[in-house]
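Okay, here's what each chain looks like letter by letter:
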Amino acid sequence: MYNSSVPALKRMLSSLAGILGKTAEHAASKKIDPGVFINARLFPDMFPLSRQIQIVTDQAKGCAARLGGVDIPKFEDDETSFEELQMRIAKTIAFLDSFKAHQIDGSEERDIVLQLHETRLQFKGQDYLHNWVLPNFYFHATTAYNILRHNGVDIGKKDFLGG
């Protein structure tokens, strides 16, 4: 369970950090207000880039915490700059780095309960990882990438895959 979660989450978070770095450089070189990218959306009813990054980090830290049986750190969701988004990603990676494999391995049958407004979702650990965390994590990571690519940032698949 550890090897199926933490390394993959960290790799994508690192890739997103690199993509945000390229976006900051792009904004500076083109003299574009960074807020244009941070608040950009693919469609009016979709979340902006900042919220996509917040959700990605929430999925990652929630995954490790729930599978590892520890409290989830609370982040304020108030990032308005590239630097703040980078710090959020770095805090999330540091949290993931605090786990050892033995804390997460064996969590396949752990009961996981999520309360999403009026909806209560119940999973076993392995189903939570494979059918909730990873699809949501990659959906929002891909959406963040697509927002930036759509807005002219010179990034490609290699940047998304990282490593």
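Residues numbered from 1 in each chain as written. Predicted model: local features only at pLDDT ≥ 70, side-chain atom pairs only at ≥ 80, totals over all residues. Heavy atoms only, no water.

## Notes on unusual backbone geometry
Defined as follows: Put simply, DSSP marks the helices as runs of H or I at least four residues long and the strands as runs of E at least two long, and each gets a number from the N terminus on. Buried, partly exposed and exposed residues are distinguished by accessible area as a fraction of the type maximum, computed with a 1.4 Å probe on protein chains only: under 20%, between the cut-offs, and over 50%, respectively.
Not every positive phi belongs to a glycine, and lysine 31 is a case in point at roughly 55°. Note on placement: lysine 31 falls in the loop between α1 (2-30) and α2 (34-38). By relative accessible area, which is 75% here, lysine 31 ends up exposed.

## Focus: a negative patch on the surface
To keep it simple, the criterion reads: Exposure above 30% relative accessible area and the lack of any salt bridge qualify a residue for a patch; like charges then connect within 9 Å, and the nonpolar side chains Val, Leu, Ile, Met, Phe, Trp and Tyr within 5 Å. The method behind every accessible area is Shrake-Rupley, applied with a 1.4 Å probe, and residues are considered shielded solely by the protein chains displayed. Only one rule defines a salt bridge in this text: a Lys or Arg side-chain nitrogen within 4 Å of an Asp or Glu carboxyl oxygen. Charge assignment: positive for Lys and Arg, negative for Asp and Glu; neither His nor the chain ends contribute. For this purpose, a charge sits on NZ of Lys, CZ of Arg, CG of Asp or CD of Glu.
Where like charges cluster on the molecular surface, the negative patch consists of Glu76, Asp78, Glu83 and Glu84. In this structure, glutamate 76 sits in the loop between α3 (49-68) and α4 (82-97). Among the residues examined, glutamate 76 registers a relative accessible area of 56% and is labelled exposed.

## Some words on the environment of asparagine 3
Topologically, asparagine 3 is positioned in helix α1. A sequence separation of 101 residues divides asparagine 3 from isoleucine 104, and the C-alpha atoms of the two residues are 9.1 Å apart.

## Some points on the packing of aromatic side chains
For clarity, the cut-off: The aromatic pairing rule takes the rings of Phe, Tyr and Trp, using the six-membered ring of Trp, and pairs them if the centres are within 6.5 Å, calling planes under 30 degrees apart stacked, those over 60 edge-to-face and the rest tilted. For a ring to carry a charge above it, either NZ of a lysine or CZ of an arginine must fall within 6 Å of the ring centroid while also lying within 35 degrees of the normal to the ring plane.
This structure, assessed with the given rule, holds 5 aromatic pairs. Each ring, one from phenylalanine 123 and one from tryptophan 132, has its centre 6.0 Å from the other, and the planes form 45°; the classification is tilted. Three or more aromatic residues joined by ring pairs make a cluster, and in this case those are Phe123, Tyr128 and Trp132. We note arginine 51 situated over the ring of phenylalanine 47; from NZ or CZ to the ring centre the distance is 5.7 Å. Positioned above the aromatic ring of phenylalanine 75 is the side chain of lysine 61, whose terminal nitrogen or guanidinium carbon lies 4.4 Å from the ring centre.

## Some details on the side chain of lysine 61
Cut-off, in case you're wondering: Two N or O atoms count as a polar contact when they lie within 3.5 Å, although within protein this holds only if one can serve as hydrogen donor and the other as acceptor, and sequence-adjacent residues are included solely when both atoms are side-chain atoms. By definition in these notes, contact holds between two residues if any of their heavy atoms fall within 4.5 Å.
Mapped onto the fold, lysine 61 is located in helix α3. Only 2.6 Å separates the side chain of lysine 61 from the backbone oxygen of proline 73, close enough to count as a polar contact. Setting aside residues up to four positions removed in sequence, lysine 61 forms contacts with Ile72, Pro73, Lys74, Phe75, Thr92 and Phe95.

## Things to note about the layout of surface pockets
For the record, the criterion: The pocket and cavity definitions rest on a 1 Å grid over protein atoms only: a 1.4 Å probe that fits but cannot leave marks a cavity, an open set with protein on both sides within 12 Å along at least five of seven lines marks a pocket, and residues lining either have an atom within 4 Å of a point. Grid points are joined across faces, edges and corners, and a volume is the space filled by probe spheres set on the points. Residues are grouped as follows: Ala, Val, Leu, Ile, Met, Phe, Trp, Tyr, Cys and Pro are nonpolar; Asp, Glu, Lys and Arg are charged; every other residue, Gly included, is polar.
Its volume calculated, the largest pocket comes out at about 530 Å³. Lining the largest pocket are 23 residues, with Arg51, Asp58, Gln59, Arg66 and Leu116 positioned closest to its centre. Residue assignment for the lining of the largest pocket shows that the elements contributing at least two residues are α3, β1 (111-116) and α6 (125-150). In the lining of the largest pocket, the residues fall into 10 nonpolar, 6 polar and 7 charged.

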